[in-house]
Amino acid sequence: AEDGIRDAQESRGLGDVYKRQVKHYLGEYYLESPSIRMDELYADSDRKTPIIFVLSQGADPTSQVLKFARDREFDQNLRTISLGQGQGKVASETIEIAKKEGFWCLLQNCHLARTWMPSLEVIVEQLAIEELSLIHI
């Protein structure tokens, strides 16, 4: 415990201490961010299973998503919405249209729309329910 306190005093912050402790006790593997391949992520998704990126500070997969869409000649069918300042309603409406017309939605800066996240959760849950109802018709 004293080593941890000493580490905290000598380091730039607690983040460094945590990283050293994780590396020491669990190994370097748990500090590495896995590289992503859009084609693999896409293969694991479907119309009711969205791809969700949980990012660390400074990470931004936007260029990879845009390139993936461009490579598939789908870039004209991609809508990007930067959330915050009332954009939750716009995002909801865009997702509804996307479901009908078949385009993709890229929602960015979700951390700025924390109050809208429960609404997004309901939208995603509804995707699976709607898929099931289509099968039974």
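Before going into details, it helps to say that this report is about the structure given with it. (Residues numbered from 1 in each chain as written. Predicted model: local features only at pLDDT ≥ 70, side-chain atom pairs only at ≥ 80, totals over all residues. Heavy atoms only, no water.)

### Quick notes on the layout of surface pockets
Approximately 1,300 Å³ is the volume found for the largest pocket. Looking at the largest pocket, it is lined by 38 residues, and the ones nearest its centre are P50, I51, C105, L106 and L107. Of all the secondary structure elements, the ones that give two or more residues to the lining of the largest pocket are α3 (38-43), α4 (62-71), α5 (87-101), β2 (104-108) and α6 (117-136). Here the lining of the largest pocket takes seven residues from α6, the largest share from any one element. Grouping the amino acids of the lining of the largest pocket by side-chain chemistry returns 24 nonpolar, seven polar and seven charged. In this model, the second largest pocket occupies a volume close to 240 Å³. When its residues are assigned to classes, the lining of the second largest pocket shows seven nonpolar, three polar and one charged. (1 Å grid on protein atoms, 1.4 Å probe; cavity = no way out; pocket = protein on both sides within 12 Å on 5 of 7 lines; lining within 4 Å. Points joined across faces, edges and corners; volume = space filled by probe spheres on them. Helix = DSSP H or I, 4+ residues; strand = E, 2+ residues; numbered from the N terminus. Nonpolar A, V, L, I, M, F, W, Y, C, P; charged D, E, K, R; others polar.)

### Notes on unusual backbone geometry
Backbone geometry places E73, a non-glycine residue, at a positive phi of 55°. Here E73 shows up in the loop between α4 and β1 (78-82). Taking the relative accessible area as the measure of exposure, E73 reaches 71% and is therefore exposed. We note that N109 has phi near 55°; this positive angle belongs to a residue other than glycine. As for its placement among the helices and strands, N109 is situated in the loop between β2 and α6. (Buried < 20%, exposed > 50% of the residue type's maximum accessible area, 1.4 Å probe, protein only.)

### Quick look at a nonpolar patch on the surface
Judged by side-chain polarity, Y25, L26, Y29 and Y30 come together as a nonpolar surface patch covering roughly 570 Å² of accessible area. Following the sequence through the fold, Y30 ends up in the loop between α2 (14-25) and α3. (Patch = residues over 30% accessible without salt bridge, like charges linked within 9 Å, V, L, I, M, F, W, Y side chains within 5 Å. Areas by Shrake-Rupley, 256 points an atom, 1.4 Å probe, with all protein chains shown as cover. Salt bridge = Lys/Arg side-chain N within 4 Å of Asp/Glu carboxyl O.)

### Quick notes on the nonpolar core
With eight residues, the main nonpolar core is built from I81, L83, A91, I95, A113, W116, L120 and I123. Elements that contribute at least two residues to this core include exactly α5 and α6. Not counting the four nearest positions on each side in its chain, I95 is found in contact with C105, L107, W116, L120 and I123. Core analysis: the second largest hydrophobic core is formed by six residues, V65, F68, A69 and L106 among them. (Core = buried A, V, L, I, M, F, W, Y, C linked by side-chain atoms within 4.5 Å. Contact = heavy atoms within 4.5 Å.)

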